[in-house]
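Chain by chain, the residues:
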Number of protein chains: 2
Amino acid sequence: MTAQTEPAKVTTGPIPGSRRVYAAPPERPDIAVPFREVLLHPSANEPPFRLYDTSGPYTDPALRIDLNEGAPWTRAAWLVRRGFASVPGRAVRPEDNGFASAEMLVPPCPAPHDVQMGREGAPVTQYEFARAGIVTEEMIYVAHRENLGRVQAAEGASERLADGESFGASIPSFVTPEFVRAEIAAGCAIIPANINHPELEPMIIGRNFLVKINANIGNSAVTSSAAEEVEKLVWAIRWGADTVMDLSTGRNIHNIRDWILRNSPVPIGTVPLYQALEKVGGDASKLDWEVFRDTLIEQAEQGVDYFTIHAGVRLAHIPLTADRVTGIVSRGGSIMAQWCLAHHRESFLYEHFSEICDIMRKYDVSFSLGDGLRPGSNADANDAAQFAELETLGELTRLAWDKGCQVMIEGPGHVPMHKIKANMDKQLATCGEAPFYTLGPLTTDIAPGYDHITSAIGAAMIGWFGTAMLCYVTPKEHLGLPNREDVKTGVITYKLAAHAADLAKGHPAARLRDDAISRARFEFRWEDQFNLGLDADTARDFHDQTLPKEAHKTAHFCSMCGPKFCSMKISQDIREKVRREEGMCEMSAAFNEGGGKIYVATP
Amino acid sequence: MTAQTEPAKVTTGPIPGSRRVYAAPPERPDIAVPFREVLLHPSANEPPFRLYDTSGPYTDPALRIDLNEGAPWTRAAWLVRRGFASVPGRAVRPEDNGFASAEMLVPPCPAPHDVQMGREGAPVTQYEFARAGIVTEEMIYVAHRENLGRVQAAEGASERLADGESFGASIPSFVTPEFVRAEIAAGCAIIPANINHPELEPMIIGRNFLVKINANIGNSAVTSSAAEEVEKLVWAIRWGADTVMDLSTGRNIHNIRDWILRNSPVPIGTVPLYQALEKVGGDASKLDWEVFRDTLIEQAEQGVDYFTIHAGVRLAHIPLTADRVTGIVSRGGSIMAQWCLAHHRESFLYEHFSEICDIMRKYDVSFSLGDGLRPGSNADANDAAQFAELETLGELTRLAWDKGCQVMIEGPGHVPMHKIKANMDKQLATCGEAPFYTLGPLTTDIAPGYDHITSAIGAAMIGWFGTAMLCYVTPKEHLGLPNREDVKTGVITYKLAAHAADLAKGHPAARLRDDAISRARFEFRWEDQFNLGLDADTARDFHDQTLPKEAHKTAHFCSMCGPKFCSMKISQDIREKVRREEGMCEMSAAFNEGGGKIYVATP
């Protein structure tokens, strides 16, 4: 037992070639926003390249990492000023940890945690603050973060770069805190930020911001170490996961979540239904509002930032799935369908939705309205069941907004390319532009073992069309539980899909990174190419397997035969051939004297 | 030396769970078209699932594989009837094999090879036959192949399945030989099929047919065994490569190509410029028409099915690349740019294009008009240089058609998602709908080590928009030489991208495979799911790593609570609540008596 409460090992240290830095918006020097800077070779003659950074304190060598103490409280001062009520909190019960016996019990995380709750009549959620016209520190933080710390937009550059097609999104060339507030107030974006998660480095999810990605983690059947579970989080955010969902089941679920939350700088999402099901011994028909409500409060007090709530699976929708090729494939959807059919009653989540809102508002837990009827095959995409549920989600979105809650909507699943746009458009129209959060979608069903790729195609496209956050898919999808390498592959694959979407949408700063890496590639700055990429380790390893190490060298297009020659505008006119060839000979001689290379070293 | 002429080892044997079968079109029982059939579990109650098969004789256990004898002559009888002239052929010269010394020389392949040449005034190429209204055996073969041996289209099914968006493509529900002929005559499709490649199992490339993929192979710096090189081919087609490009350089290039061609059931493409450059000692400025012409004839006589010809890189285009972020990245483009600049003359490929056509027509070598100025970064996509070259390619396409040649057009490269459609549309308009053959495109530059994925996104999209063949990209792109695993990963990735495109285009039979695998998934027929996928080995391995073996079982949606219940149309009317609940209770009791599961075993 003692071993488990000692500082445990997780992956720490800077990402190779990079350093974690902090920058504050000029108006708020007290708000330190983290970034990652890639250091370039001196021959590049470029400043360090700044990147969005999700890796938290773990990549900052100046910080001491101790899982028992938890991550730094980024939001402490902001939350204090809001005057929420400290409450004793719900006592942990044996069923919260699956009745784990004393010797099997993972101890709770000893990091300090003061449970807070919002008051009636005073704003609690980011949505409520936004509606009241109040710009929170979280809004200031994410604005600076989205801008990569640029104080002013490089207007000329952004105009040149932002040549994308945004399909109705309104991506500003510079993100102001006021813009963030307005987007949240309109329901078009959320900052998942439970008031009981002071360790959070806030981030924003909305189609007018950078496309984000989520990684799922979950405990193993038998968990011996909390550090092992925290490492899954640390590993996922090191590679770029913007949020992490803890889909753990079984024993120790409460205490492991505690370790994760106390050490997480990113929003943590959960599916409370999974834990509720554990509490009733795994029998869906035994679920009821009481056990669900208790689980919501338990997790909200711990600091979970968003809950997947499958309230859109209504009794009347279930028969719509009868003729499907793959029926109901969402775990939450199946649980609720089973409950509805066992009782032949309307879903208790749907019937108690208003009370769910009241609970979630008090802690600012954001809704992630689950798509329990998402298609599990291309054949079932965009069918009556899926769209019936989506209509219900739209209805629930408005209810949640009325209650002051932040909302995003989960989406499919398996969708062939030609049906992706329709899916996105339907979501925007039905759910009042609440952020869409999709799993993939997988664009074909025929590649088990490669579904990170079948889904990256769909993810990049739906991200382009307007999805705000992409839930990753690993190579093990449909086949088994992802291991460490699978998690990394899934995260990197989704980072590249999200970035491809940002580029296509015309995000004003997205192409800066592509251009920086392309310059490095053209100039044979190998280390810069590796370090500017999404996975320097793999790129370096691949390179070293076959290509010899080359010295750094710079090369530019032959300036002699470049732009000047261009103006000569060689014509096709044969009559001018001879005269032209005289000039040609001179150029030819000069080219050959210069070494005869089309790219020559710059002085 | 003796060791090298002995039968060498390549990967043979059936793909697990499958068998190679042959089927003939009813009107031509002499034409045996190969397919692969996946055998399903008896509980599926489905016939074997038929797939397109590129793997050649190597997966047929009934055939004896001997690389010294070469692959079976599928086309022998067809070619004989066309009465081409047998010619002595060009003698092999020391420079053809890079002046390899006796002890380093890979011996020529001893398989029989009779060099043939078309006659003036009589049709040679598939294009000429098509224009003359003649349906060749190759056309019959590919029609049956594209239909997966279906004699009649399942019209009801194809209507239901073909719900794609084809962007102007005209994909028939059933492919007839006459349709193939008409497509080739219109220049919209090609059958790369050198008359000196009798071993070929013909295939078609065109946007109204299944999207195809190409894998690149190339010899290592020091090659000790021809079998090693043939194995690269066999390995690539085992996983689904439709054509293979041999990009070898250095020593033994002629003899290795001979081994490849004599043992290849798929079209082989090359870039003759690479070998021509070897012949002049690697100095681009020393290239001339004579050495290039000689190389064309050398390779055409060997049986190469398509040549990449970089005739679109004109002197006047080169300055257009001066301001690019990544200049000229195509190897062929760089060679030609260097030649043009060294001499300050128009490209000799462009000036001699008509003679190139005359040579290629005589053997029916198809053109793959190279995009020497393709963008090497997102920044350079769809720029003046790329489009200027494309205009030239359109001009050359018409010239080649006038000369009776088959033509396809190579395309980029690096293109962000929002510029892909414009690229495709421009190609269709500029090149008279000649088939487009694209490398990727990569949709972002920031993921070295993962460019099979950045490019699969672009490949799937451009395939959907109309690209006929996708050139694969491996994880080693930009970094090093692909190994065996990389080749497999590249091929599988591109197979899934091509299939996603077929689905989205509304190919009438494409979804049959997705549905078959989805049924297997839903019914927990694990082996069927693996075997119907693109890579059964990896899927099985992933599954066995974490999930327990489950017995086969069939399960269907609860028929009791399914469609019948659906008709009850639960209303929201509260006044009817009590009456309705009576019926509900009955349903509930029946559901619970049945085991309380939403999916139950079928009798």
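Residues numbered from 1 in each chain as written. Chains lettered and ligands numbered in written order. Predicted model: local features only at pLDDT ≥ 70, side-chain atom pairs only at ≥ 80, totals over all residues. Heavy atoms only, no water.

Got a minute to help me understand the overall build of chain A in this structure?
Broken down by element type, chain A carries 22 helices and 17 strands. Going through the 603 residues of chain A one by one, you find that 66% of them count as buried. Within chain A, contacts between residues separated by at least 24 positions form 76% of all contacts whose residues are at least 6 apart in sequence. When the accessible area of chain A is evaluated, it comes to approximately 20200 Å², of which 55% is carbon and sulfur surface. (Helix = DSSP H or I, 4+ residues; strand = E, 2+ residues; numbered from the N terminus. Buried < 20%, exposed > 50% of the residue type's maximum accessible area, 1.4 Å probe, protein only. Contact = heavy atoms within 4.5 Å. Areas by Shrake-Rupley, 256 points an atom, 1.4 Å probe, with all protein chains shown as cover.)

Looking at this structure, I do not really get the sheet that holds strand S11 (residues 306-309) of chain B. What am I missing?
Backbone hydrogen bonds hold the strands of a sheet together, and the pairing may be parallel or antiparallel. Residues and elements named next belong to chain B. The parallel closed barrel is built from eight strands, whose spatial order is S8-S9-S10-S11-S12-S13-S14-S15. Within the sheet, the average angular offset between the axes of one strand and its neighbour, ignoring direction, is 25 degrees. In this sheet, S11 lies alongside strand S10 (residues 268-270) in parallel orientation, the contact comprising two bridges. Bridge pairing links Gly 269 to Tyr 306 in S11. Across the face of the sheet, helix H8 (residues 253-262) comes into contact with strand S8 (212-217), strand S9 (243-246) and S10 while running at roughly 155 degrees to S10. (Pairing = 2+ DSSP bridges. Axes fitted to C-alpha atoms, helices over the stretch in contact; angles between N-to-C directions.)

What's the story with the nonpolar core in this structure? I'm lost.
Ranked by internal contacts, the top residues of the largest apolar core, which has 296 residues, are A:Phe367 and B:Phe367. For B:Phe367, the residues in contact, after removing those within four places along its chain, are B:Phe307, B:Ile309, B:Phe353, B:Ile356, B:Cys357, B:Met360, B:Ala400, B:Cys405, B:Gln406, B:Val407 and B:Met408. (Core = buried A, V, L, I, M, F, W, Y, C linked by side-chain atoms within 4.5 Å.)

I would appreciate a short explanation of the relation of the copies chain B and chain A in the present structure.
One copy of the chain maps onto the second through a rotation around an axis plus a translation along that axis. Mapping chain B onto chain A leaves a residual RMSD of 0.0 Å; the transformation is a rotation of 180 degrees accompanied by 0.0 Å of translation along its axis. On this basis, the relationship between the two copies can be described by a two-fold rotation axis. The C-alpha atom lying nearest the rotation axis in chain B is that of B:Ile457; the distance is 2.3 Å. A shared binding surface is used by both copies, with 99% of the interface residues of chain B retained as interface residues in chain A. (Least-squares fit on C-alpha atoms with pLDDT ≥ 70 in both.)

I keep staring at helix H17 (residues 484-505) of chain A and nothing clicks. Help me out?
Along an α-helix, a turn takes 3.6 residues, which lines up residues three or four apart on a common side. All names here are of chain A. For H17, spanning 22 residues, the distance from its first C-alpha to its last is 32 Å, which sits close to the expected 32 Å at 1.5 Å a residue. Summarising burial for H17: 20 of the 22 residues are buried, a large majority. Looking at where H17 begins, the residue whose side-chain oxygen comes 3.1 Å from the main-chain nitrogen of Glu 485 is Asn 483. Where H17 ends, the next residue or the one after it, Gly 506, has phi of about 90 degrees, a positive value. (Expected span 1.5 Å × (residues − 1). Polar contact = N/O pair within 3.5 Å; in protein donor to acceptor, adjacent residues only side chain to side chain.)

For this particular structure, what's the right way to read the interface of chain B and chain A?
Listed per partner, the contact involves 105 residues of chain B and 104 residues of chain A. With both sides pooled, the region where chain B packs onto chain A buries about 8500 Å², and carbon together with sulfur makes up 70% of that total. For chain B, the biggest contributors to the area lost against chain A are B:His344, B:Ile446 and B:Tyr450; these three give 9% of the whole. Remark: the boundary between chain B and chain A carries two salt bridges. Note that B:Asp163 is salt-bridged to A:Lys419, the shortest N-O span being 2.8 Å. Run the count over chain B and chain A and you get 16 residue pairs in polar contact (both at pLDDT 80 or more). For the side of chain B that touches chain A, the elements supplying multiple residues, two or more each, are helix H11 (331-343), helix H16 (451-465), helix H17 (484-505), helix H18 (510-522), helix H19 (526-532), helix H20 (536-546), helix H21 (563-566) and helix H22 (577-593) of chain B. The greatest single-element share of the side of chain B that touches chain A, amounting to 10 residues, is contributed by H17(B). (Buried area = accessible area lost by both parts, 1.4 Å probe. Salt bridge = Lys/Arg side-chain N within 4 Å of Asp/Glu carboxyl O.)

What am I meant to see in the pattern of salt bridges here?
Pairing between side chains becomes possible if they bear opposite charge and their charged atoms approach one another. Counted according to the given criterion, the structure contains 92 salt bridges over all chains. Overlapping salt bridges, with partners in common, bring together A:Arg28, A:Asp30, A:Arg75, A:Arg81, A:Arg82, A:Glu137 and A:Glu138 in one network.

Just checking my understanding: could you explain unusual backbone geometry for this structure?
What is expected of a backbone is that most residues other than glycine have negative phi and most peptide bonds are trans. In this chain, A:Gly440 is followed by A:Pro441 through a cis amide linkage whose omega measures 10 degrees. By secondary structure assignment, the location of A:Pro441 is in the loop between strand S14 (436-439) and helix H16 (451-465).

So what exactly am I meant to see when it comes to the pairing of strand S9 (residues 243-246) of chain A here?
Look at any regular strand and the pattern is simple: side chains alternate between the two faces of the sheet. All names here are of chain A. The alternating pattern of S9 places Thr 243 and Met 245 and Val 244 and Asp 246 on opposite faces, both of which are buried. Both strand S8 (residues 212-217) and S9 contribute to a ladder of four bridges, which runs parallel. When the sheet's bridge partners are listed, Asn 214 is paired in S9 with Thr 243. With two bridges joining them, S9 and strand S10 (residues 268-270) adopt parallel strand pairing. Paired with Val 244 across the strands is Ile 268, a residue of S10.

Just checking my understanding: could you explain the packing of H16(B) against H17(B) for this structure?
For any two helices packed against each other, the geometry comes down to the angle between their axes and how far apart the axes lie. Residue and element names in this part refer to chain B. For the pair H16 and H17, interaxial distance at closest approach is 8 Å and the crossing angle is 30 degrees. One finds that H16 runs roughly parallel with respect to H17. As H16 runs across H17, the sense of the crossing is right-handed. Along the contact surface, H16 presents His 452, Ser 455, Ala 456, Ala 459, Ala 460, Gly 463 and Trp 464, while H17 presents Thr 489, Thr 493, Tyr 494, Ala 497, Ala 500, Ala 501, Ala 504 and Lys 505. Counted by class, the contact of H16 with H17 contains nine nonpolar, five polar and one charged residues. (Parallel < 35°, antiparallel > 145°, perpendicular 65-115°, else oblique. Left-handed = near helix turned anticlockwise from the far one by under 90°. Nonpolar A, V, L, I, M, F, W, Y, C, P; charged D, E, K, R; others polar.)

What is the right way to read the UniProt feature "binding site: Zn(2+)" (unreviewed entry) in chain A from this model?
Here the UniProt feature "binding site: Zn(2+)" (unreviewed entry) sits at A:His414 and A:His478. A compact arrangement is adopted by the annotated residues: their sequence extent is 65 residues, whereas the largest C-alpha distance between any two is 12.1 Å. Looking at the secondary structure, you find A:His414 in the loop between strand S13 (407-411) and helix H15 (420-430). Look past the residues within four positions of A:His414 in its chain and what remains in contact with it is A:Pro375, A:Gly376, A:Ser377, A:Asn378, A:Ala381, A:Pro441, A:Leu442, A:Asp445, A:His478 and B:Arg521. Among the polar contacts listed, one links the side chain of A:His414 to the backbone oxygen of A:Gly376, at a separation of 3.3 Å. When you line up the elements, A:His478 lands in the loop between strand S15 (469-471) and H17. (UniProt positions renumbered as here; feature names shortened; annotations may be inferred.)

Would you explain the sheet that holds strand S2 (residues 33-38) of chain B in this entry?
Residue and element names in this part refer to chain B. One open sheet holds the three strands; their spatial order is S1-S2-S3, and the pairing between them is antiparallel. For this open sheet the edge positions go to strand S1 (18-23) and strand S3 (49-52), each flanked by a neighbour on one side alone. Each neighbouring strand pair of the sheet contributes to a mean axis angle of 40 degrees, computed without reference to strand direction. As paired strands, S2 and S3 are joined by four bridges and run antiparallel to one another. Note that in S3 the partner of Val 38 across the bridge is Phe 49.

It is not clear to me how the side chain of B:Gln299 should be interpreted in this structure. Could you clarify?
Residues and elements named next belong to chain B. Secondary-structure assignment places Gln 299 in helix H10 (residues 289-302). Residue class for Gln 299 comes out buried when judged on its relative accessible area of 1%. Those residues in contact with Gln 299 that sit more than four places away from it in its chain are Arg 257, Thr 270, Pro 272, Gln 275, Val 304 and Phe 307.

Would you mind showing me how to read the packing of helix H9 (residues 272-279) of chain B against H11(B) here?
Residues and elements named next belong to chain B. In the contact formed by H9 and H11, the axes pass within 10 Å of each other and the chain directions differ by 50 degrees. On the basis of their axis angle, the class for H9 and H11 is oblique. Seen along the crossing, H9 lies across H11 with a hand that is left-handed. Between H9, through Leu 273, Tyr 274 and Leu 277, and H11, the contact on the second element is made entirely by Arg 331, Gly 332, Ile 335 and Met 336. Partitioning the contact of H9 with H11 into residue classes produces five nonpolar, one polar and one charged.

What should I look at first to understand the confidence of the model for chain A in this one?
One rule of thumb: low pLDDT means the predicted coordinates there are not for detailed reading. Averaged over all residues, the pLDDT of chain A is 88; the fraction at 70 or higher stands at 88%. Among the prediction metrics, the complex's ipTM stands at 0.92, with pTM recorded as 0.92. (pLDDT = per-residue confidence, 0-100.)

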